[in-house]
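Now for the letters of each chain:
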Amino acid sequence: MNLAPGSTIGIIGGGQLGRMLAMAAARLGYRAVVLEPEADCPAAQVANRQIVAAYDDQAALAELASASAVVTYEFENVPVAAAQTLAARIPVYPPARALEVAQDRVTEKSFLNGIGIPTAEFCPIDNDDQLTVALKKFNGSGVLKTRRLGYDGKGQRVFRNMETGGFAGTCEAMGNVPLILESLVAFEREISVIAARGRDGSIAAYDPAENVHREGILRTSTVPAGIGQQTALAAKEAVAKILSALAYVGVIGVEFFVLADGSLLANELAPRVHNSGHWTEAACTVSQFEQHIRAVAGLPLGSAARHFDCVMENLIGDDMLKVPALLAESDLMLHLYGKAESRPGRKMGHFTRVLRRS
Ligand code: AMP
C-alpha cells in the first residue's frame with residue numbers, strides 16, 4: 001500500500017544520511033521521526049521529531065513504531081534484533097536480512113559468492129596460527145579486517161610479502177575480535193553502484209561512480225567512471241541480482257574493485273543510501289534519497305538516468321574553510337550537514353561540480 005502524504009517515516013540514525021532522507025521525505029509530503037541517542041543531531045535538525053535514545057532501547061523502539069507508518073535506517077550497524085522487533089509491528093525497509101548480511105564480512109562474502117558474484121578470496125581468522133596459514137595460502141599478502149563494525153578502513157591491516165610468520169600478537173592488537181583475511185586485490189580502480197528496488201520488485205540502478213579514498217575515507221566520486229560499457233553493465237546486473245536475492249526494498253550501495261581486464265570483484269554492500277551516491281542530487285531528476293523514500297513508501301521508483309557528468313567531493317574537517325570559495329563557483333551544488341564542530345576526519349558536507357551535459 002502506498003504511504004499517504006502526511007504519513008510519518010521513522011528513521012533510525014541521525015547523521016547526514018538521515019538528514020538527507022528526512023529532507024527528501026519532506027519534499028514528498030511526509031513527516032520524519034528520528035531515533036538517535038545524540039540530541040540535536042544533523043537529521044533531527046530537519047525532521048519533525050527526535051526520539052533521543054539508544055538504538056536498542058525497547059521503550060524508544062515501541063515509541064518509534066507507534067509514531068511511524070514505516071521505518072527505515074541510515075546506517076548498517078542497526079542492531080538486527082531492533083529491526084526484527086520493529087518489523088513485528090510495522091514494515092521495516094530494507095529487510096533485517098540485509099543488515100545481517102552486511103554486518104559480518106564473512107556472511108557478506110559467502111552470500112555474494114553464493115549468488116555467483118565473485119569477491120576477493122577470504123579466510124575467517126580467530127587466532128595468530130590461522131593467520132599464518134591463511135597468509136601462506138595468499139602468498140604472503142592480504143588485508144586483515146574485523147568481521148564486524150568496520151567502516152572507512154577502520155580496523156584494518158595490510159600485509160605484503162610476509163609469508164614467513166612473526167604474526168604473534170596480531171589478533172590481540174586487533175582487539176581479539178573475529179577477523180577476516182582477504183587476498184590483496186591489485187585493482188585498477190574502485191567503483192560503486194547505487195540502486196533501488198521498489199516494493200513491487202522494480203529496479204533502478206544509477207551509473208557507476210569511480211571512487212577515490214584517502215586514509216580510508218571517501219574523497220571523490222566521479223561519474224562516469226573510467227570503465228567500459230560492459231563493465232558498467234556487469235556491475236549494475238550484479239547489484240540487481242543482490243537486490244532480488246535479498247527481496248530488498250530501498251536503496252543499496254555496492255562497492256567493487258575493477259581489475260585490469262575489466263572484471264569485477266564485489267568488496268562490500270551498504271544497505272542504505274551511500275556517500276558515493278551524493279552526486280545523484282545534482283545530476284539526476286530523482287536523487288538516491290528521494291529514490292529511497294519512494295521505495296519504502298511504496299511509490300513508483302523514479303528514473304535513474306544521469307543528465308550531467310559530475311564530480312562529488314567530500315568536505316572533511318578543515319575543508320570547511322573552502323566553503324566561501326566554493327560558493328563563488330557556478331554550477332556547484334553545496335550540501336552542509338549542520339555539524340557544529342569540525343574535527344579531523346569528520347564529514348562536514350560535500351559538493352558536486354556539474355561538468356557538462358552528457
Ligand atoms: P573497506 O572497509 O572494505 O571498504 O576497505 C577500505 C579500502 O581498503 C577499500 O576502499 C580499498 O581501497 C582497500 N581494500 C579493502 N579491501 C581490500 C583488498 N582485499 N585488497 C586491496 N585493497 C583493499
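A brief structural summary. Worth saying up front: this structure is predicted, and the values here are computed from it rather than measured. (Residues numbered from 1 in each chain as written. Predicted model: local features only at pLDDT ≥ 70, side-chain atom pairs only at ≥ 80, totals over all residues. Heavy atoms only, no water.)

## Remarks on the sheet that holds strand E6 (residues 142-146)
Item 1. The 4 strands lie next to each other as E5-E8-E6-E7, forming an open sheet whose pairing is antiparallel. In this open sheet, the two strands that pair with only one neighbour each are strand E5 (122-125) and strand E7 (156-159). Shown here is a sheet whose adjacent strand axes are inclined to one another by a mean of 20°, direction ignored.
Item 2. Summarising the sheet, E6 and strand E8 (residues 179-182) pair through 4 bridges and their orientation is antiparallel. Its bridge partner being in E8, Thr 146 is matched across the sheet by Leu 179.
Item 3. Against the sheet, helix H6 (residues 128-137) engages E5, E6, E7 and E8, with an angle of about 170° to E5. (Pairing = 2+ DSSP bridges. Helix = DSSP H or I, 4+ residues; strand = E, 2+ residues; numbered from the N terminus. Axes fitted to C-alpha atoms, helices over the stretch in contact; angles between N-to-C directions. Contact = heavy atoms within 4.5 Å.)

## Thoughts on the sheet that holds strand E2 (residues 31-35)
Each strand in a sheet pairs with another by means of backbone hydrogen bonds, the pair being arranged parallel or else antiparallel.
Item 1. Spatial ordering of the open sheet is given by E3-E2-E1-E4, a layout of 4 strands whose pairing is parallel. At either margin of the open sheet sits one strand with a lone partner, and together these are strand E3 (49-51) and strand E4 (70-73). Ignoring strand direction, the axes of neighbouring strands in this sheet form an average angle of 25°.
Item 2. With 4 bridges connecting them, strand E1 (residues 8-12) and E4 associate as parallel partners.

## Let's talk about helix H3 (residues 80-87)
Item 1. Looking only at H3, the buried set comprises Val 80, Ala 82, Ala 83 and Leu 86. Within H3, the buried residues cover an arc of 160° as seen down the axis, which keeps them to one side.
Item 2. The inward-facing, buried residues of H3 contact E1, helix H2 (58-67), E4 and helix H4 (96-103). (Buried < 20%, exposed > 50% of the residue type's maximum accessible area, 1.4 Å probe, protein only. Arc of directions from axis to C-beta.)

## A word on the site of the ligand
Item 1. Residues in close proximity to the ligand total 16 residues, the closest being Lys 145, Gln 156, Val 185, Glu 190 and Glu 268.
Item 2. With respect to the ligand, the side chain of Glu 190 contributes an N or O atom lying 2.5 Å from an oxygen atom.
Item 3. Residue Asn 267 places a side-chain N or O atom 3.2 Å away from an oxygen atom belonging to the ligand.
Item 4. Coverage of the ligand by the protein chains reaches 87% of its 480 Å² of free accessible surface.
Item 5. Mapped onto the shell around the ligand, the elements with two or more residues apiece are E6, strand E13 (250-258) and strand E14 (264-270).
Item 6. Taken together, the residues that form the shell around the ligand break down as 5 nonpolar, 5 polar and 6 charged. (Near = heavy atom within 4 Å. Polar contact = N/O pair within 3.5 Å; in protein donor to acceptor, adjacent residues only side chain to side chain. Areas by Shrake-Rupley, 256 points an atom, 1.4 Å probe, with all protein chains shown as cover. Nonpolar A, V, L, I, M, F, W, Y, C, P; charged D, E, K, R; others polar.)

## Details of helix H8 (residues 229-245)
Item 1. Between its terminal C-alpha atoms H8 stretches 24 Å, which fits the 24 Å expected from 17 residues at 1.5 Å a residue.
Item 2. All buried positions along H8 are accounted for by Thr 231, Ala 232, Ala 235, Ala 238, Val 239, Ile 242 and Leu 243. The arc that holds every buried residue of H8, seen down its axis, measures 140°, which confines them to one face. Residues of H8 that are exposed and point more than 90 degrees away from the buried face comprise Gln 229 and Gln 230.
Item 3. The secondary structure elements touched by the buried residues of H8 are helix H5 (105-114), strand E9 (189-197), strand E10 (203-205), E13 and E14.
Item 4. With its phi angle positive at about 45°, Ala 247 sits one or two positions after the end of H8. (Expected span 1.5 Å × (residues − 1).)

## As for the pattern of salt bridges
Any two side chains of opposite charge can pair, so long as their charged atoms come close to each other.
Item 1. Tallied over the full model, the rule gives 18 salt bridges.
Item 2. Residue Glu 290 is joined to Arg 294 by a salt bridge in which the shortest nitrogen-to-oxygen separation is 2.9 Å. Here Arg 294 and Glu 290 lie together in helix H10 (residues 288-296), a separation of 4 residues that amounts to about one turn. Of the two residues, Glu 290 and Arg 294, neither departs from the other in class, the shared state being buried.
Item 3. Here the salt bridges do not stand alone but share partners, grouping Asp 207, Lys 236, Arg 306 and Asp 309 into one network. (Salt bridge = Lys/Arg side-chain N within 4 Å of Asp/Glu carboxyl O.)

## Overview of the pairing of strand E11 (residues 209-214)
Item 1. In this sheet, E11 lies alongside E9 in antiparallel orientation, the contact comprising 3 bridges. Paired with Ser 192 across the strands is Ala 209, a residue of E11.
Item 2. Pairing geometry for E11 and strand E12 (residues 217-223), over 5 bridges, is antiparallel. Within the sheet, the bridge partner assigned to Val 212 lies in E12 and is Thr 220.
Item 3. Between E11 and E12, which pair antiparallel one after the other, the connecting turn spans 2 residues, and Glu 215 there sits at a positive phi close to 50°.

## Let's talk about the environment of Ala 238
Item 1. Along the polypeptide, Ala 238 turns up in helix H8.
Item 2. According to the relative accessible area criterion, Ala 238 is buried, its value standing at 12%.
Item 3. Residues Ala 238 and Leu 259 lie 21 residues apart in sequence; the distance between their C-alpha atoms is 16 Å.
Item 4. Setting aside chain neighbours within four positions, we find Ala 238 in contact with Ile 117 and Phe 256.

## Topic: the nonpolar core
Item 1. Residues Ile 12, Ile 242, Phe 256 and Leu 269 are the most contacted members of the largest nonpolar core, which totals 46 residues.
Item 2. Sequence-distant contacts of Ile 242, that is, excluding residues within four places in its chain, are made with Phe 111, Leu 112, Ile 115, Ile 117, Ile 252, Val 254 and Leu 269.
Item 3. Formed by 42 residues, the second largest nonpolar core is a distinct cluster that contains Ala 43, Trp 279, Ile 293 and Ala 297. (Core = buried A, V, L, I, M, F, W, Y, C linked by side-chain atoms within 4.5 Å.)

## Thoughts on the packing of aromatic side chains
Item 1. Counted under the stated rule, the structure contains 4 aromatic pairs.
Item 2. Measuring from ring centre to ring centre gives 4.8 Å for Tyr 55 and Phe 75, while their planes differ by 50°; the resulting arrangement is tilted. Note that Tyr 55 is positioned in the loop between E3 and H2 and Phe 75 in the loop between E4 and H3, a separation of 20 residues in sequence.
Item 3. Measuring from ring centre to ring centre gives 5.7 Å for Phe 159 and Phe 167, while their planes differ by 85°; the resulting arrangement is edge-to-face. (Phe/Tyr/Trp six-rings, centres within 6.5 Å; stacked < 30°, edge-to-face > 60°.)

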